[in-house]
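Descriptive structure summary
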Amino acid sequence: MSNKRVLIVEDAADLRSLLRQLFELEGYHVMQAANGREALALLHAAAELPQLILLDLNMPVMDGFEFRRAQTADSRLADIPVVVMTADGDIGNKQRRAAAADSLRKPVEVDQLLAVVSRYLGQASLQYGAR
(Lines give C-alpha, C1' and ligand atoms only; values in the text may rest on other atoms or scores of the structure.)
Protein backbone atom coordinates (compact mmCIF):
# COMPACT_ATOMS: atom_id res chain seq x y z
CA MET A 1 0.00 0.00 0.00
CA SER A 2 1.16 3.51 -0.77
CA ASN A 3 2.73 5.55 1.99
CA LYS A 4 1.17 8.66 0.41
CA ARG A 5 -2.22 9.17 2.03
CA VAL A 6 -4.79 11.90 1.45
CA LEU A 7 -8.32 12.47 2.72
CA ILE A 8 -10.77 14.24 0.39
CA VAL A 9 -13.71 15.85 2.20
CA GLU A 10 -16.12 17.07 -0.48
CA ASP A 11 -19.91 16.89 -0.73
CA ALA A 12 -20.01 16.96 -4.55
CA ALA A 13 -19.81 13.27 -5.44
CA ASP A 14 -18.56 13.89 -8.99
CA LEU A 15 -15.67 16.10 -7.85
CA ARG A 16 -14.82 13.73 -5.01
CA SER A 17 -14.70 10.84 -7.48
CA LEU A 18 -12.51 12.75 -9.95
CA LEU A 19 -10.08 13.75 -7.22
CA ARG A 20 -9.95 10.17 -5.94
CA GLN A 21 -9.17 8.86 -9.43
CA LEU A 22 -6.48 11.50 -9.98
CA PHE A 23 -4.72 10.74 -6.70
CA GLU A 24 -4.99 6.98 -7.16
CA LEU A 25 -3.36 7.36 -10.60
CA GLU A 26 -0.56 9.27 -8.85
CA GLY A 27 -0.08 6.37 -6.43
CA TYR A 28 -1.92 7.72 -3.39
CA HIS A 29 -4.04 5.83 -0.91
CA VAL A 30 -7.25 7.89 -0.86
CA MET A 31 -9.83 8.22 1.88
CA GLN A 32 -12.99 10.17 1.08
CA ALA A 33 -15.92 11.66 2.94
CA ALA A 34 -19.01 13.62 1.91
CA ASN A 35 -18.99 15.93 4.96
CA GLY A 36 -17.07 16.80 8.08
CA ARG A 37 -18.88 14.37 10.36
CA GLU A 38 -18.15 11.46 7.99
CA ALA A 39 -14.52 12.59 7.76
CA LEU A 40 -14.12 12.63 11.54
CA ALA A 41 -15.58 9.13 11.79
CA LEU A 42 -13.10 7.89 9.15
CA LEU A 43 -10.18 9.56 10.91
CA HIS A 44 -11.13 8.19 14.31
CA ALA A 45 -11.35 4.66 12.86
CA ALA A 46 -8.18 4.88 10.74
CA ALA A 47 -5.14 2.84 11.66
CA GLU A 48 -3.04 5.12 9.45
CA LEU A 49 -3.91 8.78 9.23
CA PRO A 50 -3.72 10.76 6.02
CA GLN A 51 -0.77 13.08 5.53
CA LEU A 52 -3.00 15.79 4.08
CA ILE A 53 -6.69 16.69 4.10
CA LEU A 54 -8.35 18.43 1.14
CA LEU A 55 -11.39 20.11 2.68
CA ASP A 56 -14.42 21.71 1.08
CA LEU A 57 -15.74 24.46 3.32
CA ASN A 58 -19.39 24.53 2.24
CA MET A 59 -20.97 21.16 3.01
CA PRO A 60 -24.15 19.87 4.64
CA VAL A 61 -24.24 18.01 7.98
CA MET A 62 -20.87 19.42 9.18
CA ASP A 63 -19.14 22.14 7.17
CA GLY A 64 -15.40 22.65 6.83
CA PHE A 65 -15.17 25.22 9.63
CA GLU A 66 -16.92 22.90 12.11
CA PHE A 67 -14.70 20.04 10.97
CA ARG A 68 -11.58 22.14 11.59
CA ARG A 69 -12.71 23.02 15.11
CA ALA A 70 -13.20 19.33 15.91
CA GLN A 71 -9.97 18.31 14.16
CA THR A 72 -7.78 20.84 15.97
CA ALA A 73 -9.35 19.89 19.32
CA ASP A 74 -8.28 16.26 18.83
CA SER A 75 -4.58 15.78 19.63
CA ARG A 76 -4.32 12.75 17.30
CA LEU A 77 -5.68 14.74 14.33
CA ALA A 78 -4.61 18.30 15.03
CA ASP A 79 -1.29 18.22 13.19
CA ILE A 80 -2.61 16.90 9.86
CA PRO A 81 -2.26 19.80 7.39
CA VAL A 82 -5.44 20.95 5.68
CA VAL A 83 -5.89 22.59 2.29
CA VAL A 84 -9.30 24.23 2.00
CA MET A 85 -11.13 24.30 -1.32
CA THR A 86 -13.90 26.76 -2.06
CA ALA A 87 -15.61 28.55 -4.92
CA ASP A 88 -16.66 31.36 -2.59
CA GLY A 89 -14.93 34.71 -2.65
CA ASP A 90 -12.27 35.97 -0.25
CA ILE A 91 -10.47 32.66 -0.12
CA GLY A 92 -7.58 34.11 1.91
CA ASN A 93 -9.93 35.14 4.70
CA LYS A 94 -11.61 31.73 4.67
CA GLN A 95 -8.20 30.02 4.83
CA ARG A 96 -7.30 32.12 7.90
CA ARG A 97 -10.69 31.49 9.56
CA ALA A 98 -10.25 27.75 9.05
CA ALA A 99 -6.61 27.93 10.23
CA ALA A 100 -5.70 25.93 7.12
CA ALA A 101 -2.20 25.42 5.73
CA ASP A 102 -3.23 26.43 2.21
CA SER A 103 -6.19 27.04 -0.07
CA LEU A 104 -7.38 26.29 -3.58
CA ARG A 105 -10.10 28.06 -5.52
CA LYS A 106 -12.71 25.92 -7.24
CA PRO A 107 -12.80 24.93 -9.97
CA VAL A 108 -9.44 23.45 -9.07
CA GLU A 109 -6.74 23.31 -11.73
CA VAL A 110 -5.04 19.91 -11.76
CA ASP A 111 -1.47 21.21 -11.99
CA GLN A 112 -2.05 23.67 -9.14
CA LEU A 113 -3.70 20.96 -7.03
CA LEU A 114 -0.79 18.55 -7.53
CA ALA A 115 1.74 21.29 -6.80
CA VAL A 116 0.04 22.16 -3.51
CA VAL A 117 -0.27 18.51 -2.47
CA SER A 118 3.37 17.88 -3.45
CA ARG A 119 4.46 20.79 -1.27
CA TYR A 120 2.92 19.21 1.82
CA LEU A 121 3.81 15.61 1.08
CA GLY A 122 7.31 16.16 -0.24
CA GLN A 123 6.54 14.65 -3.62
CA ALA A 124 8.01 17.36 -5.83
CA SER A 125 8.02 15.07 -8.85
CA LEU A 126 4.22 14.93 -9.14
CA GLN A 127 3.01 16.40 -12.41
CA TYR A 128 -0.21 15.51 -14.12
CA GLY A 129 0.55 13.46 -17.22
CA ALA A 130 4.30 13.23 -16.51
CA ARG A 131 4.93 9.52 -16.91
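Just above sits the structure.
Below is a summary of the structure that appears in this document. This structure is a prediction, so every number in the text was calculated from the model and none was measured.

With that settled, the discussion passes to helix α3 (residues 64–73). For α3, the complete set of buried residues consists of G64, F65, F67, R68 and Q71. Looking down the long axis of α3, one finds its buried residues gathered within 155 degrees of arc, a one-sided arrangement. Turned more than 90 degrees away from the buried face of α3, the exposed residues are R69 and A73. Buried residues along α3 sit in contact with α2 (36–45), β3 (52–56), β4 (82–86) and α4 (91–97). Taking the backbone nitrogen of F65 as reference, a side-chain oxygen 3.1 Å away marks D63 as the first, capping residue of α3.

In this section: the sheet that holds strand β5 (residues 102–105). The parallel open sheet is built from five strands, whose spatial order is β2-β1-β3-β4-β5. Of all strands in the sheet, those with a lone pairing partner are β2 (29–33) and β5, marking the two edges. Averaged over all pairs of adjacent strands, the angle between their axes in this sheet comes to 20 degrees, without regard to strand direction. Inspection of the sheet shows β4 paired to β5 by four bridges, in the parallel sense. The residue bridging V83 from the neighbouring strand is D102, located in β5.

Let's shift gears to the environment of P60. Looking at the secondary structure, you find P60 in the loop between β3 and α3. Filtering out sequence-adjacent residues up to four positions away, P60 remains in contact with D11 and N35.

Our next topic: the nonpolar core. Counting residues in each nonpolar core, the largest one holds 22 residues, and the members touching the most others are L7, V9, L43, I53, L55, F67 and V84. Secondary-structure elements contributing two or more residues to this core are β1 (5–9), β2, α2, β3, α3 and β4. The biggest single contributor to this core is α2, with three residues. If near-sequence neighbours (up to four positions away) are discounted, L55 is found in contact with V9, G64, F67, R68, V82, V83, V84 and M85. In this structure, V30, L52, L114 and L121 belong to the second largest nonpolar core, which totals 17 residues.

Okay, the packing of aromatic side chains next. What the rule picks out here adds up to one aromatic pair. Arranged with centres 5.2 Å apart and planes meeting at 70 degrees, the rings of F23 and Y28 form a pair that is edge-to-face. By the burial criterion, F23 is buried, and Y28 matches it.

The rules behind each value
Residues numbered from 1 in each chain as written. Predicted model: local features only at pLDDT ≥ 70, side-chain atom pairs only at ≥ 80, totals over all residues. Heavy atoms only, no water. Buried < 20%, exposed > 50% of the residue type's maximum accessible area, 1.4 Å probe, protein only. Helix = DSSP H or I, 4+ residues; strand = E, 2+ residues; numbered from the N terminus. Arc of directions from axis to C-beta. Contact = heavy atoms within 4.5 Å. Polar contact = N/O pair within 3.5 Å; in protein donor to acceptor, adjacent residues only side chain to side chain. Pairing = 2+ DSSP bridges. Axes fitted to C-alpha atoms, helices over the stretch in contact; angles between N-to-C directions. Core = buried A, V, L, I, M, F, W, Y, C linked by side-chain atoms within 4.5 Å. Phe/Tyr/Trp six-rings, centres within 6.5 Å; stacked < 30°, edge-to-face > 60°.

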